[in-house]
Amino acid sequence: MGDTRPLAGYLRMSDADLAEIKNLVKIGALTPEEAKERERKGVLKQKEDVIQLADRLLPGQPVVFYEDNNLSAFKRNVKRKKFEEMLKDMGVGSLGGVLAYDIDRLFRQPKDLERLIDHYEKPNSGLVFHTLSGQNFDLTTGDGRFSARIMVSVANKSSEDMSRRLKREMERMAYAGEMAGGPRPFGWEDDRLTLRPKEKKALDDMAEKVLKGDSVTTVMDWLRDQGFVGRTGKPFVRSSVQRILLNPRNAGIRQFRGEPLKDEEGNYVKGPWKAPWTVDKWLAVKKTLEGPGANRTKVGPGHNTVRSILSGILRCGVCGTRMVAANSSRKYPKYRCAKDAGGCGNITISRKHSEDAVRGLVSDVLMAATAQKETEEVGPKWEKAAELAALEKEFAEFHQLWKADKIKTTSYILGREKLEGEIDQLRGERAVALARPTKPPSLEVIKGGWDKLSIERQREVILSVLSAVMVSTGKGTAGGKVTRGIDHSRLTPVFKEQ
């Protein structure tokens, strides 16, 4: 009696077909839905062909299908789940062989072929291997394995050539400032050239909030409140908001391989779309989000993601530890000296009433200061202009030396990277300095009110007046209890000048 084990039918679109379909989507010849339908039809056609192949070779032999649709067999970082499952089933002896439309549907990396050959080289394996190509790929024989290895090497070379051509074309398009495909970016219409007015205004508002000190989380909450959603119809998450804010496209800058593109003279390569921001504005946002101090991890003054106004500003009057907002669903939330943060755990205070008291105190101080001397607006200043100009001149001279073949390319690349890094650093600092609001926070509080400010801005205003607020013990507060009112004598402000 012959082998009755089922055969594996492996299905996958070829890398060339996938690349063609993706390119048609990029140029607008196909919608994403039409692309999926075309891919599915291609896989179903393969399935019909494999069934006919099985009926011709081994009539009545059952076929179990393993489908990795829309997955490359060439890219090393792509894991084909069904291919791995098929190899596992081969390893435990539950399959009688493999059928496929062509060998390049199974393999475009020689190492994957060798993993399957390991099963066919076992003594008396009796395994079947056939494709519709008609070539001898009998992996149980030396000649068949030789033929298979040659064909997979050819397929691998073809994929490498195609990948290299695509990368070269993308680089050419990037330097030429030509449009590439992809989903509609936030801020633009479907043509990816024209600004969408409502989203353009949102981009401007988002930049203003970041430059005033708001965190990405606060901007995310604001977008949600304004009714903006992502492409899937769901509210934006923090990572997607950060990507929107850091997108070089906002300043009209082209990207290549995820990086802002520069020409040989160090200037950004611009695209043909309308840009809502200037380059300096984008650099200011980028520097604010990614520069030194932007990724703070400790609760304390200036913390970027803290979600309560006085966390780290209030200090325990018993042990001096910074107090934090308790994660509590109680009706009367509190600040506490936390034992798990190194505190004594003996001090708590009402969150709402302590915040109201501190804000009232700061408002009084700012009002008094404003009454004594009207604050004058001072234009933005930056003290490193000469340093930046000198570096830019040095870069230009260095580039001319290389073009005149007076320095080696290796030395030029290393020197250029160093100079570009220093110039980018200073340009970012300049952009932040010139983009910062020129009015001191006191005027903003007095004119706009606390309720108009984000948590980060309220903290900034408080910290412009106070270094800390000490919280002493009070009746009924030990042991985690919170009073509904507040005894103002428990709060001792520590002013900046003290």
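Residues numbered from 1 in each chain as written. Predicted model: local features only at pLDDT ≥ 70, side-chain atom pairs only at ≥ 80, totals over all residues. Heavy atoms only, no water.

## Observations regarding a nonpolar patch on the surface
Right, on to step 1. Together, Phe146, Ile150 and Val154 make up an exposed nonpolar region whose accessible area comes to about 290 Å².
Right, on to step 2. Within the secondary structure, Ile150 is located in helix H6 (residues 142-176).
Right, on to step 3. Given a relative accessible area of 40%, Ile150 falls into the partly exposed group. (Patch = residues over 30% accessible without salt bridge, like charges linked within 9 Å, V, L, I, M, F, W, Y side chains within 5 Å. Areas by Shrake-Rupley, 256 points an atom, 1.4 Å probe, with all protein chains shown as cover. Salt bridge = Lys/Arg side-chain N within 4 Å of Asp/Glu carboxyl O. Helix = DSSP H or I, 4+ residues; strand = E, 2+ residues; numbered from the N terminus. Buried < 20%, exposed > 50% of the residue type's maximum accessible area, 1.4 Å probe, protein only.)

## Quick notes on the nonpolar core
Right, on to step 1. Judged by nonpolar contacts, the single largest core of 32 residues is most densely connected at Phe186, Met206, Leu223, Val241, Leu245 and Val285.
Right, on to step 2. Counting residues per element, the ones that place at least two in this core are helix H7 (197-212), helix H8 (216-225), helix H9 (238-246), helix H10 (279-290) and helix H13 (409-435).
Right, on to step 3. The next biggest cluster of nonpolar side chains, apart from the first, holds 27 residues, and it includes Leu310, Ile347, Ile349 and Trp450. (Core = buried A, V, L, I, M, F, W, Y, C linked by side-chain atoms within 4.5 Å.)

## Topic: helix H12 (residues 385-403)
Right, on to step 1. Taking 1.5 Å as the rise per residue, H12 with 19 residues should run 27 Å; its terminal C-alpha atoms sit 27 Å apart, in good agreement.
Right, on to step 2. Listing the buried residues of H12 in full gives Leu388, Leu391, Phe395, Phe398 and His399. Down the axis of H12, the smallest arc covering the buried residues is 100°, so these residues share one side. Facing away from the buried side of H12, by more than 90 degrees, are the exposed residues Ala386 and Lys393.
Right, on to step 3. Elements that come into contact with the buried residues of H12 comprise H13.
Right, on to step 4. Backbone geometry just after H12 places Asp405 at a positive phi near 60°. (Expected span 1.5 Å × (residues − 1). Arc of directions from axis to C-beta. Contact = heavy atoms within 4.5 Å.)

## Thoughts on the sheet that holds strand E2 (residues 63-67)
Right, on to step 1. If you walk across this open sheet you meet the 4 strands as E2-E1-E3-E4, and the pairing is parallel. Each edge of the open sheet carries a strand with a single partner, namely E2 and strand E4 (128-131). Averaged over all neighbouring strand pairs, the angle between strand axes comes to 20°, with direction disregarded. (Pairing = 2+ DSSP bridges. Axes fitted to C-alpha atoms, helices over the stretch in contact; angles between N-to-C directions.)

## A word on the sheet that holds strand E7 (residues 314-316)
Right, on to step 1. Strand order in the open sheet formed by 3 strands is E7-E11-E12, with mixed pairing between adjacent strands. Each of the sheet's edge strands pairs with one partner strand only, and the pair in question is E7 and strand E12 (491-495). Taken over all neighbouring pairs, the strand axes of this sheet differ in orientation by 30° on average, direction set aside.
Right, on to step 2. Pairing geometry for E7 and strand E11 (residues 466-471), over 3 bridges, is parallel. Looking across to E11, one finds that Arg315 is bridged to Met470.
Right, on to step 3. Its contacts with the sheet put helix H15 (residues 455-465) on E11 and E12, and the angle it makes with E11 is roughly 90°.

## A closer look at the packing of H12 against H13
Right, on to step 1. One can describe the packing of H12 onto H13 by two numbers: an axis separation of 10 Å at closest approach and a directional angle of 160°. Overall, the two elements H12 and H13 adopt an arrangement that is roughly antiparallel. Of the two elements, H12 crosses H13, and the hand of that crossing is left-handed. Of H13, the residues touching H12 (which contributes Glu387, Leu388, Leu391, Glu392, Glu394, Phe395, Phe398, His399 and Trp402) are Thr409, Ser411, Tyr412, Gly415, Arg416, Leu419, Glu420, Glu422, Ile423, Leu426, Arg427 and Arg430.
Right, on to step 2. The residue makeup of the contact of H12 with H13, split by class, is 9 nonpolar, 4 polar and 8 charged. (Parallel < 35°, antiparallel > 145°, perpendicular 65-115°, else oblique. Left-handed = near helix turned anticlockwise from the far one by under 90°. Nonpolar A, V, L, I, M, F, W, Y, C, P; charged D, E, K, R; others polar.)

## Some details on the packing of aromatic side chains
Right, on to step 1. According to the stated counting rule, one finds 8 aromatic pairs in the structure shown.
Right, on to step 2. Between Phe186 and Phe228, the ring centres sit 5.7 Å apart and the planes meet at 75°, which makes this aromatic pair edge-to-face. Of this pair, Phe186 sits in the loop between H6 and H7 while Phe228 sits in the loop between H8 and H9, placing them 42 residues apart in sequence. Taken individually, Phe186 and Phe228 each receive the classification buried, so the pair is uniform in this respect.
Right, on to step 3. When the centroid spacing of 6.0 Å and the interplanar angle of 85° are considered together, the rings of Tyr268 and Trp282 count as edge-to-face. Of this pair, Tyr268 sits in the loop between strand E6 (259-260) and H10 while Trp282 sits in helix H10, placing them 14 residues apart in sequence.
Right, on to step 4. Residue classification places Tyr268 among the buried residues on the basis of a relative accessible area of 18%.
Right, on to step 5. On the accessibility criterion, Trp282 (1% relative accessible area) is buried.
Right, on to step 6. In textbook terms, an aromatic cluster arises when at least three aromatic residues are bridged by ring pairs, as seen for Tyr10, Phe83 and Phe107.
Right, on to step 7. Taking NZ or CZ as reference, Arg80 lies 4.1 Å from the ring centre of Phe83, over its face.
Right, on to step 8. Lying over the aromatic face of Phe228, Lys198 brings its terminal NZ or CZ to 5.4 Å of the ring centre. (Phe/Tyr/Trp six-rings, centres within 6.5 Å; stacked < 30°, edge-to-face > 60°. Lys NZ or Arg CZ within 6 Å of the ring centre and 35° of its normal.)

Honestly, that's just the spatial picture; any functional story needs more than this.
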